[in-house]
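# Chain and residue survey
Here's the letter readout for the chains.
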Amino acid sequence: MSEGKERIIEALASAVLNMEEDEAASLASEYIAGGHDAYDAIERGLSAGMAEAGRLFEEEEYFIPELLMCADAMNAALDILKPHLVKKESASQATVVLGVVEGDTHDIGKNLVKIMLETAGYRVIDLGRDIAPKDFVRAAEENGASAIAISTLMTTTMGGMEEVVRLLEEQALHDDFPVIVGGGPISPGFARKIGADAYASNAAEAVRVVDNLVNRGTAERIAV
Amino acid sequence: MEWNGKKRLLTAIEGGATDRMPVISVCQYATYELMEATGAFWPEAHRDADKMARLSAGGATVLGLDAVRVPYCQTVEAEAYGATIKDGGQKHIPSIDRPAFALGEEPKIPQDFLARGRIPAVIEAIRILKAELGEKVAVMGSLVGPFSVAASLVGIAPFLKASLKKPDSLLPYLEAATKTAIQYAKAMTEAGADILVIEDMMASLDMISPRAYKKLAAPYEKQVIEAVGGTAPVILHICGKLDAVMTYIAETGVSAISVESAVDVHAALEKFHEAGIRTPILGAVHPIHALLEGTEEDVAAAVRKSSEDGVSVISPDCAVAPATTIANIKAMAEAAKKIENRG
């Protein structure tokens, strides 16, 4: 019954937005029991809820703890929905290699970027934190990435980002793998200076910026 | 009357007029060039008291700042509690690899807390700096605020999540972190620190709501400040956006507030004025836009802008990036020296 389906999808979005982990899980179970398509619930329920949470974050209604709790609710539902996902062969699904620079073990921001990118339909290769520059390049090659996303929270570790760009230039790979940078101390000016292709100030914006990077191709890359 | 860095800074923090605008770096200022200039390098300078002091002294002797400070990172307390620390080598500062506790575990305070990890080296470095430079420049001992230490005890993500749904579960960590901060701060002043800096970087509105700051950060900052009250002035540094909590921060009783350029200093001072608050604000030269990426003229312009906004002491927003040039930091100091400070 599609009415029931739409009701649950809406409730899933609310459960994510309201950080109700148990509610999100039980809605997901109810949805699967009803025989509905898991993809719709992820796309229009969970992702919509997370996108709204991102909007509230940008408006300073929500803060980092709220976003983390929304993500927990989303993941609780996702764990139940995912096994029922009918794999759609989407050659168009772009891959983003993501990680925190060497010397920095802060990964909250990176994890939020991952969640936002995944819910926006990207395949994310999450390298984790404290990642050497060469490992970003290798992972991008191995996975045929469309972009490399690098984060750091500290002014003391920003140099690692420049090193990634330098390695890409040296191996003539920069045109294949545009680089987006972000994190507390990073600015558009810094991104420009180190030769990165784009900058995002938060996880919600990162999705829009990566969309631009991936869809427009090298020639029309947005100015940073 | 003879002015020097120490007298200048202490007078400005009390709200008095000085011969010119004081200039310091509230947070870490070691750079690769400063390591070359002083011959004291990371990672040794994180653990060895002599090297720590030598690198720090460069803040006054090479950079021309009115105060020196130690240490260079924010993991000293977490290590003393038993966190696993990842060495940063020559280029980076140490970071926390694995927190000391899992959320729910009792945060036992080690009996020999002040003898653990790098705490003895920091205390000894303060003693050395005091003996060598203490007559001329202010020696600042920097500790991490209770909210941020507590977060590093269990890991930032679990801590922040619990702050929303189970804030009471965090109280043991906040209380332990407060107790050890008081011990550590007292040891610093006994070793000769003229000023204490509390860096509570996680208590930022970039991370938590104003409500969470008021409930989980401010009361514990206040306890530390009250406990060391009278022994040394305390500068509280919090990163990022703070506009909505500036009054709460002042109400901790802190001697001065160090902010980033994300804060509207002018608006905060107006609010303070209306509320009869006299707490001076320090800042706010952007460590990236101005100090790392800018020209010397950009740096000087950022100094003048901060002064026009009403800061009482010039300082970078936050930790100086280690790739910053000595020339740009000196440009900050020189620009401050041209500014009057009528208190």
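Residues numbered from 1 in each chain as written. Chains lettered and ligands numbered in written order. Predicted model: local features only at pLDDT ≥ 70, side-chain atom pairs only at ≥ 80, totals over all residues. Heavy atoms only, no water.

As a further point, take the overall build of chain B. Along the backbone of chain B there are 15 helices and nine strands. Since a compact globule built from 343 residues should have a radius of gyration of about 20 Å, the 19 Å found for chain B is in line with a globular shape. A principal-axis box enclosing the C-alpha atoms of chain B has dimensions of 55 × 50 × 35 Å. Scored against the burial criterion, the 343 residues of chain B give a buried share of 61%. Taking contacts inside chain B between residues at least 6 apart in sequence as the whole, the part at least 24 apart equals 74%. Of the roughly 12,700 Å² of accessible surface on chain B, 50% is carried by carbon and sulfur atoms. Mean positive and mean negative side-chain charge positions of chain B (35 and 43 charges, respectively) differ by 3 Å. (Helix = DSSP H or I, 4+ residues; strand = E, 2+ residues; numbered from the N terminus. Rg over C-alpha atoms; globule rule 2.2 N^0.38 Å. Buried < 20%, exposed > 50% of the residue type's maximum accessible area, 1.4 Å probe, protein only. Contact = heavy atoms within 4.5 Å. Areas by Shrake-Rupley, 256 points an atom, 1.4 Å probe, with all protein chains shown as cover. Lys, Arg positive; Asp, Glu negative; His and termini not counted. Charge placed at Lys NZ, Arg CZ, Asp CG, Glu CD.)

Let us look at the sheet that holds strand β1 (residues 67-70) of chain B. Residues and elements named next belong to chain B. The strand order across the open sheet formed by seven strands is β1-β4-β5-β6-β7-β8-β9, and the pairing between neighbours is parallel. Every other strand in the sheet has two partners, leaving β1 and β9 (313-316) as the edge strands with one partner each. Geometrically, the sheet is characterised by an average inter-axis angle of 30 degrees between neighbouring strands, direction not taken into account. Sheet topology places strand β5 (residues 195-199) next to strand β6 (residues 234-237); four bridges connect them, and they run parallel. Counted as the bridge partner of Val 197 is Ile 235 from β6. Packing of helix α9 (residues 171-190) onto the sheet brings it into contact with β4 (138-144) and β5, and relative to β4 it is tilted by some 165 degrees. (Pairing = 2+ DSSP bridges. Axes fitted to C-alpha atoms, helices over the stretch in contact; angles between N-to-C directions.)

A few words now on the confidence of the model for chain A. Of the residues in chain A, 92% reach a pLDDT of 70 or more, and the chain-wide mean stands at 87. Note that pLDDT drops below 50 for residues 217-224 of chain A; the model gives that stretch 18 contacts with residues more than four away or on any other chain. (pLDDT = per-residue confidence, 0-100.)

Time to look at the pairing of strand β3 (residues 147-151) of chain A. All names here are of chain A. Judged by how many residues are buried, β3 sits mostly within the fold: five of five residues are covered. Burial of the side chains of β3 extends over both faces: Ala 147, Ala 149 and Ser 151 are buried on one face and Ile 148 and Ile 150 on the other. With five bridges joining them, strand β1 (residues 95-101) and β3 adopt parallel strand pairing. Opposite Val 97, over in β3, you have Ile 148 as the bridge partner. Here four bridges tie β3 to strand β4 (residues 179-182), and the two strands are oriented parallel to one another. Looking at the pairing, Ala 149 lines up with Ile 180 of β4.

To continue, consider the nonpolar core. Counting residues in each nonpolar core, the largest one holds 173 residues, and the members touching the most others are Phe147(B), Tyr213(B), Met246(B) and Met332(B). For this core, the element with the most residues is helix α4 (residues 64-81) of chain A, which contributes eleven residues. Ignoring anything within four residues of it in the chain, the contact list for Met246(B) reads Ile257(B), Val259(B), Val263(B), Ala268(B), Phe272(B) and Ile281(B). (Core = buried A, V, L, I, M, F, W, Y, C linked by side-chain atoms within 4.5 Å.)

Quick look at the packing of aromatic side chains now. Residue and element names in this part refer to chain B. Enumeration over the complete set of coordinates arrives at four aromatic pairs over all chains. Pairing Phe 147 with Phe 159 gives two aromatic rings, centres 5.1 Å apart and planes at 80 degrees, and the pair type is edge-to-face. Remark: Phe 159 occurs in helix α8 (residues 156-165) and Phe 147 occurs in helix α7 (residues 146-154); sequence separation between them is twelve residues. This pair shows no difference in class: Phe 147 is buried, exactly as Phe 159 is. Counting every residue linked through ring pairs, the aromatic cluster contains Tyr 81, Phe 101 and Phe 113. Here Lys 7 stacks its cationic end above the ring of Trp 3, 5.1 Å away from the centre of that ring. The ring of Tyr 32 carries the charged tip of Lys 91 above its face, separated from the ring centre by 5.1 Å. (Phe/Tyr/Trp six-rings, centres within 6.5 Å; stacked < 30°, edge-to-face > 60°. Lys NZ or Arg CZ within 6 Å of the ring centre and 35° of its normal.)

Moving on, we come to the state of the cysteines. Residue and element names in this part refer to chain B. Considering all chains together, one arrives at zero disulfides over all chains under this definition. The thiol sulfur of Cys 239 is not disulfide-bonded, and the nearest other cysteine sulfur, from Cys 318, lies at 3.8 Å. You can call Cys 318 buried: its relative accessible area is 16%. (Disulfide = S-S within 2.5 Å.)

Right, let's talk about the confidence of the model for chain B for a bit. Keep in mind that low pLDDT regions are not for reading the predicted coordinates in detail. Here chain B averages 96 in pLDDT, while 100% of its residues score no lower than 70. Listed scores for the predicted complex are pTM 0.87 and ipTM 0.85.

As a further point, take the packing of helix α2 (residues 21-33) of chain A against α4(A). All names here are of chain A. Contact pair α2 / α4: the axes reach a minimum separation of 8 Å and the direction vectors enclose 25 degrees. If you check the angle between α2 and α4, you find them roughly parallel. For α2 against α4, the interelement crossing comes out right-handed. Side by side, α2 and α4 meet where Glu 21, Ala 24, Ala 25, Ala 28, Ser 29, Tyr 31 and Ile 32 of the first sit next to Asp 72, Ala 73, Ala 76, Ala 77, Ile 80 and Leu 81 of the second. (Parallel < 35°, antiparallel > 145°, perpendicular 65-115°, else oblique. Left-handed = near helix turned anticlockwise from the far one by under 90°.)

Looking now at the environment of Gly121(A). Turning to its location among the elements, Gly121(A) is positioned in the loop between α5 (108-119) and β2 (123-131). Its relative accessible area of 38% is what places Gly121(A) among the partly exposed residues.

A word on unusual backbone geometry. Residue Pro71(B) is bonded to the preceding Val70(B) through a cis peptide linkage, with omega at 0 degrees. Within the secondary structure, Pro71(B) is located in the loop between β1 and α5 (76-81). The omega angle of the peptide bond from Gly283(B) to Ala284(B) is -25 degrees, so this bond is cis rather than trans. Structurally, Ala284(B) can be placed in strand β8 (residues 281-285). In this structure, Glu60(A) takes a positive phi of about 65 degrees despite not being glycine. Of note, Glu60(A) is situated in the loop between α3 (38-58) and α4. In this model, Asp130(A) sits at a positive phi of 60 degrees, which is unusual for a non-glycine residue.

Our focus in this paragraph is the interface of chain B and chain A. Note: interface size is frequently given as the accessible area lost on complex formation between the parts. Every contact between the two is made by 32 residues of chain B and, on the other side, 27 residues of chain A. Taken over both partners, the interface formed by chain B and chain A buries close to 2,400 Å², and the fraction arising from carbon and sulfur atoms is 65%. Among the residues chain B hides against chain A, the three largest losses belong to His92(B), Lys161(B) and Leu164(B). Together they make up 22% of the total. In this structure, the connection of chain B to chain A is made through four salt bridges. The closest approach of N and O atoms between Asp130(A) and Lys86(B), which form a salt bridge, is 3.1 Å. The tally of links between chain B and chain A comes to six residue pairs in polar contact (both at pLDDT 80 or more). At the level of secondary structure, the elements contributing two or more residues to the side of chain B that touches chain A comprise β3 (95-98), α8 and α13 (287-292) of chain B. When its residues are assigned to classes, the side of chain B that touches chain A shows 18 nonpolar, six polar and eight charged. (Buried area = accessible area lost by both parts, 1.4 Å probe. Salt bridge = Lys/Arg side-chain N within 4 Å of Asp/Glu carboxyl O. Polar contact = N/O pair within 3.5 Å; in protein donor to acceptor, adjacent residues only side chain to side chain. Nonpolar A, V, L, I, M, F, W, Y, C, P; charged D, E, K, R; others polar.)

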